[in-house]
Amino acid sequence: METKQFKAESKRLLDLMINSIYTHREIFLRELISNSSDAIDKIYYKALTDDSITFDKDNYYIKIYIDKDNRTIKISDTGIGMTKEELDDNLGVIAKSGSLKFKKENDTEDGHDIIGQFGVGFYSAFLVADTVTVISKAFGSDEAYKWESKGVEGYTIEPCEKDSAGTDIILKIKENNEDENYDEYLEEYTIKSIIKKYSDFIRYPIKMDVTERKLKEGTENEYEDIIEEKTINSRVPIWRKNKNELTDEDYDNFYAEKHYGYDKPIKHIHVSVDGMVSYNSILYIPEKTPYDFYTKDYEKGLELYSNGVMIMNKCSDLVPDYFSFVKGIVDSEDLSLNISREILQHDRQLKLIAKNIKTQIKNGLLDTLKNERDKYEKFYNSFGRQLKYGVYSEFGAHKEDLQDLLMFYSSKEKKLVTLDEYVSRMPEDQKYIYYAAGESIERIEKLPQTEMVSDKGYEILYFTEDIDEFAIRMLMSYKEKEFKSVSSGDLGIEDKDQEVTESEEKENKDLFESMKTILDGKVKTVKASKRMKKYPVCLSNEGDLTIEMEKVLNSMPNNENVKAEKVLEININHDVFKSLKEAYDNDKDKFNLYTNVLYNQALLIEGLPINDPVEFTNNICKIMK
Ligand code: ADP
Ligand code: MG
C-alpha cells in the first residue's frame, strides 16, 4: 500500500504536535468532539432543508469508547462522514492555513504558543496518540475507507467495512515517559471530566459506557460493577443557559473552544432578548489583536444560529466594521434556516438584531471604561485604531457612537485620557481642545509649538497614530469645544506678552519678505512670533491641512503630493534673530545662508525631510568657519 506524504506545512505542524512540551494535551478531545458535532450538524442541516431526508434525533450522537488493554480511545460519530477524496483532502493538509503563517512570524522554541492559540483541530490527536486511525463512511455512499497515520512519515488510505454513515477516530495512546503520564487518558474519570469541561454544551449527546459500583440486588452489602451507557454532556448550549449558572471560566472556556482567540477576553456580554425580535447571544471583547487583524485577510463576523442550528459561521452583517474585533454567537428563532447570504443582508429581523448588538457592544465598552479602566486600556491599545477608523469612515456617520470610547495620551496626566475627562477639567478661559501630532510622545514633547500652550497651563492631547488627526477632523468638536492643532497659526490664546506688536511687525516687514523670496515658494509666509522660548523657529500652518496630515497623505501609495500652507515663524526674542537682522543689514550672502539653515531646522524639528541634506550640512560648516 502506498504511503502518502503530508503537505510540507502539515508536516511541520504534526512534528510540533508530537514533540512539543505542552501542558494542555487534553484539548485533543475537545477538537475531535467538535469535529464530530460539526459532522452531525451537516446532516442535520441537510435534513432540515431537504424533505427527502429524515432526521431522527435519537440516531445522532457521539460515543466515546475506552479500551485500556489495547490502549485506545475511539471517538465515534453518526455524522456526515468522509469520502476517500475527503479523507485525503481534509486530513492531509493543515486545516487552519493561518496558523503556520503565524507560527513563522512568532517562532517559539517548543511550539507551545501555536497549539494554545489555534487549537489546530484534527492534528491535536497526535498530542496523545502515536497512531491515529480514521474509519469513515460518507452519507449516501456504499463505500467506507480507513485512513491511518503514525505521524510525520505520512498516511495510508484503504477500503474497509463500516455499517452506517459516520466516522470513527481511533487513537492509540502513547506510552508513558519521564515527562508525561499518558495513562490518565485511558481513565473513564479523566475523559468524563474533560468532556464536562470543554464540551458540555455540544448539542448532541456524547455517550460513554460508565462503570458504577452498585449494591447487588437482593443483598445488603455485596457490590458489583454495573456498566451503563450514559450521556455525559448537559447539551444545553451555553448561550441558552442562565447567566447566574455560569462562571467566568465557563465563558473563557467557550471562547477557547470556539477558537475565537488565544487571549483571555476582557469582557463577555451575554444577553437574551425577547421582543420585536428574539435572540440569545454571547459577545466577547478580546484583549489582543489577532495576527491578521489590521490586514485585508481579517474577516469580521459572528456565528449565526437559527434555533440552535448553525447557519453561518461568520455573519458579517451582525457587527459594524468599527467593532469588527467582536467575537461571538447569535442564536435567533426568528430567522429561517434556508435563508441565503444575499437575502440575509436585507432581512429585517437580522437588521434589528444587528442594531441591538451594536448598542450592547458600545455599552459594554463604556462600562468597562468606567469600571475596569486597566482592562479597557489593554483593549484600547489593541483596537483603539479601529475605533478611530470608525470615527473617520463614512464621513463621520458613526462619530456620536464612538467619541466617548476614544482615548489619547495627555501631556498633563502622562497617560491615556478620554475627551470627557479633558473637557471637564478645562480652565474657563480655554477655548479649544489642543492636540499635537507627531511620531512619538518623546518627539511631540520636544515640539516648539507645544511650548506656548503648555506654558499657559493647558493640557495637550498627543496624536501619535496616522489616523488620529483625520478622525478628529471628522469629529470637529466634542461637547461644543473645537479641536485645535498646536501648530495652527491662530491658537486662540490671548496673551499680551506673546503678541507681536504692530510696530514690531512693521519694523521687520522687509526682512521677512526677503526671507520669503529666498525660500522661493516653500513657505506661504514668514512672520514674527513670540510664542516660543527656547526655539528660534518653527513651522505652523494656515488653512485646513496641517503639516502632520501632509506627511501622512504623502506617505500613502498613489499620493497626490498635497502641501500644507506652511508659515515660518521666527522667534524675535531669540538671540539668533539678532544675528539674522545684522546679516540682513550688512551681509546679504550671510542672510541668505541663515535663512536656508533656519528653514531646514524648522523642517527637521517637524520631522519633515529636508530637500538637500548635503547642502544643509555644508551650510552649517560655512557658519562655523
Ligand atoms: P476544522 O474543524 O477547523 O475544519 P480540523 O482539522 O478539526 O479543522 O478538521 C479538518 C476537516 O476534516 C474538517 O473541516 C472536516 O471536513 C473533516 N473532519 C474532521 N473530523 C471529521 C468527522 N468526525 N466527520 C467528518 N469530517 C471530519
Ligand atoms: Mg475542527
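What you are looking at is a predicted structure, and each value in this text was computed from that prediction instead of being measured.

Regarding its fold elements, the chain presents 21 helices and 22 strands. Dimensions of the chain, computed from C-alpha atoms along their principal axes, come out at roughly 120 × 55 × 50 Å. Long-range contacts, defined as pairs at least 24 residues apart, comprise 70% of the intrachain contacts of the chain with a sequence gap of at least 6. About 31600 Å² of surface is accessible on the chain, with carbon and sulfur atoms providing 45% of the total. Positive and negative charge centroids in the chain, built from 90 and 122 side chains respectively, lie 3 Å apart.

Contact geometry for helix α20 (residues 588-606) and helix α21 (residues 613-624): axes closest at 10 Å, N-to-C directions at 125°. The orientation of α20 with respect to α21, classified from their angle, is oblique. Seen along the crossing, α20 lies across α21 with a hand that is left-handed. Two secondary-structure elements touch here, α20 through Leu593, Tyr594, Asn596, Val597, Asn600, Gln601 and Leu604 and α21 through Phe616, Asn619, Ile620, Lys622 and Ile623. Its residues placed into classes, the contact of α20 with α21 shows seven nonpolar, four polar and one charged.

Strand β13 (residues 327-332) sits mainly inside the fold: six of its six residues count as buried. Alternating residues of β13 divide into Lys327, Ile329 and Asp331 and Gly328, Val330 and Ser332, and every residue in both groups is buried. Both strand β10 (residues 279-285) and β13 contribute to a ladder of six bridges, which runs antiparallel. The residue bridging Tyr284 from the neighbouring strand is Lys327, located in β13. Direction of pairing for strand β11 (residues 302-306) relative to β13: parallel, over a ladder of four bridges. Within β13, the position partnered with Leu304 by the bridge is Val330.

The rules behind each value
Residues numbered from 1 in each chain as written. Chains lettered and ligands numbered in written order. Predicted model: local features only at pLDDT ≥ 70, side-chain atom pairs only at ≥ 80, totals over all residues. Heavy atoms only, no water. Helix = DSSP H or I, 4+ residues; strand = E, 2+ residues; numbered from the N terminus. Contact = heavy atoms within 4.5 Å. Areas by Shrake-Rupley, 256 points an atom, 1.4 Å probe, with all protein chains shown as cover. Lys, Arg positive; Asp, Glu negative; His and termini not counted. Charge placed at Lys NZ, Arg CZ, Asp CG, Glu CD. Axes fitted to C-alpha atoms, helices over the stretch in contact; angles between N-to-C directions. Parallel < 35°, antiparallel > 145°, perpendicular 65-115°, else oblique. Left-handed = near helix turned anticlockwise from the far one by under 90°. Nonpolar A, V, L, I, M, F, W, Y, C, P; charged D, E, K, R; others polar. Buried < 20%, exposed > 50% of the residue type's maximum accessible area, 1.4 Å probe, protein only. Pairing = 2+ DSSP bridges.

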